[in-house]
Amino acid sequence: MCQPPGSGAEVDGLSNGLLDLHLHETIAGVLRERDPNSSTVNQSGYIWTTIPRSFLDARCNDPAGETECILRGGMKEAILAQPGFSCGVPAPLETAHTINPVPGRGLGMFATRELRYGDLIFAERPLIVAPAAYMTRAPPTETGEPSLEWLFMEWEDLLKAAVGRMSTENQEAYRALANSHVNDGSPPLLGIMRTNGFSASEALLQVFPGLSDGPEGRFSAVGKVLSRVNHSCAPNATVVMEPLSFTLQLIAVKPIALGDEITVTYCGLLDTQKQRQAQLDSYGFTCECPACSNAAESDERRTKIAEIRKSLGEHEFEMWIREPSLPEDYLMKHVGAMIDLIYEEGLQAATEYAYALELTAKSICAAGHIGNLIQATIAYKAALSTELGVTSPRIQDRLADFKSYLLKRTADSESHQEEE
Ligand SMILES: [Zn+2]
């Protein structure tokens, strides 16, 4: 059995044990039908629907198949209404991965060529996108909360209907995925989703801003191939759901050599070793990576990274732009210290690293260091790919926004001095 990817702060699919028992709502009448162009709505507003494999523009087809979805009303329309949807399933110019056995750990993914930070390794349409937290209207038990058994049963029915709509091939693929929740009462389809889900919440929020930021707005996506990627506490890749292509994308966050195993995190990267291991327990393995074996030093560095990041907000950046009396390296010395710690821990997968590259690029731009600007822009663009996905139109928006900072510190400082 391979160790499947799952949840955590970075890969925030289904948090272990995340079962929201407080909002009570019933799922009734689980209907099944196989027409991928139709949708079925149940009483509580969940819709079983399909993001099809075929579009008018054949370049947008994914030969691997369609995605079954359990969504709220209006979400599918919002996905299809994105300008340029679907831009098709992106692929690297040359195949970059292979799946091989890993001694003692089932299967794993390996690089078949060199990769750089920000490179797309692989993308696929998910087999399923479904709620990552389930609201039940089951009657409360003596503790005041509905029974877990009831909740599991309703949630499993929801998934059964979606899996029942899949092609035979996709049903078999879904059922063949690893399930590390066999002993906690999770029924099988739910167990597989809890084991293999990546977060789709951010992606769906981008196209459907009305989505709740509470548990009912959280969605999870399960990929057939990406479920084979193993865990590391210092991973060399990250998975992001990109809405315009409606794909899960695996993107390199470190230089990767030919033959290296490709890994992602199943837990919160800046959490302590103890916290990480607690999250990994539900996957049924103990992590013995260098960071976990050397917990005291590693925890200290990870905590320090989080602390520095907190002190480098938008407010500090704007203040540095406006205040000519602040030294040129006011922010960059802290950014530099954070990057050093990130390299020591091998934590380029953390969002703090992408943020450091963004802040570096903006500072160079604002201070007018034109000589370094191209390199900083390339690094920032790669960072945006790791956060948004390589096909995201938001990358161009963010780059345009960043160019508006050009010479801003010089200009703002001058006008500030004139006012004085
Ligand atoms: Zn570890």
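Located above this text is the structure these notes cover.
Our subject in this report is the structure included herewith. Values in this document were obtained by computation on a predicted structure and should not be read as measured data.

The rules we used
Residues numbered from 1 in each chain as written. Predicted model: local features only at pLDDT ≥ 70, side-chain atom pairs only at ≥ 80, totals over all residues. Pairing = 2+ DSSP bridges. Helix = DSSP H or I, 4+ residues; strand = E, 2+ residues; numbered from the N terminus. Axes fitted to C-alpha atoms, helices over the stretch in contact; angles between N-to-C directions. Contact = placed C-beta atoms within 7 Å. Buried ≥ 20, exposed ≤ 12 C-beta atoms within 10 Å, placed from the backbone. Parallel < 35°, antiparallel > 145°, perpendicular 65-115°, else oblique. Left-handed = near helix turned anticlockwise from the far one by under 90°. Nonpolar A, V, L, I, M, F, W, Y, C, P; charged D, E, K, R; others polar. Core = buried A, V, L, I, M, F, W, Y, C linked by C-beta atoms within 7 Å.

**Focus on the sheet that holds strand S11 (residues 237–242)**
Pairing in this open sheet of three strands is antiparallel, and the strands run S6-S12-S11 from one edge to the other. Two strands close off the open sheet at either side, each with one partner strand: strand S6 (120–124) and S11. Each adjacent strand pair in this sheet contributes to an overall mean axis angle of 20 degrees, direction not counted. Pairing between S11 and strand S12 (residues 247–252): six bridges, direction antiparallel. Pairing of Ala 237 across the sheet is with Ala 252, part of S12. Strands S11 and S12 of the sheet are contacted by helix H12 (residues 370–388), whose axis makes an angle of about 65 degrees with S11.

**A word on the pairing of strand S3 (residues 67–72)**
With five of six residues buried, S3 lies mostly within the body of the structure. When strand S2 (residues 46–51) meets S3, the two strands line up antiparallel, connected through six bridges. Looking at S3, one finds that Thr 50 is bridged to Glu 68. Summarising the sheet, S3 and strand S7 (residues 128–131) pair through two bridges and their orientation is parallel. Counted as the bridge partner of Glu 68 is Ile 128 from S7.

**Concerning the packing of H12 against helix H13 (residues 394–403)**
For any two helices packed against each other, one specifies the crossing angle of their axes together with the interaxial distance. Relative to each other, H12 and H13 sit at 140 degrees, their axes nearing to 10 Å. One way to sum up the angle between H12 and H13 is to call them oblique. Taken as a pair, H12 and H13 cross one another with a handedness that is right-handed. Across the interface between the two elements, Tyr 380, Lys 381, Leu 384, Ser 385 and Leu 388 from H12 touch Arg 394, Ile 395, Arg 398, Leu 399 and Phe 402 from H13. For the contact of H12 with H13, the class distribution of residues is six nonpolar, one polar and three charged.

**So, the nonpolar core**
One finds Ile 121, Leu 159 and Ile 251 to be the most contacted residues of the largest nonpolar core, which totals 93 residues. In terms of residues, this core owes the most to one element, helix H11 (residues 351–367), which gives ten residues. Those residues in contact with Ile 121 that lie beyond four places of it in its chain are Pro 92, Ala 96, His 97, Leu 115, Ala 237, Leu 250, Ile 251, Ala 252 and Ile 262.

**Observations concerning unusual backbone geometry**
Cis geometry is adopted by the peptide bond preceding Ser 86, which originates at Phe 85 and carries an omega value of -20 degrees. Within the element layout of this structure, Ser 86 appears in the loop between helix H1 (75–80) and strand S4 (97–101). The backbone of Phe 246 sits at a positive phi, close to 50 degrees, despite the residue not being glycine. Structurally, the position occupied by Phe 246 is in the loop between S11 and S12. On the neighbour-count criterion, Phe 246 (29 C-beta atoms within 10 Å) is buried. Positive phi is not limited to glycine here, since Leu 407 has a value of about 60 degrees. Mapping Leu 407 onto the fold places it in the loop between H13 and helix H14 (408–419).

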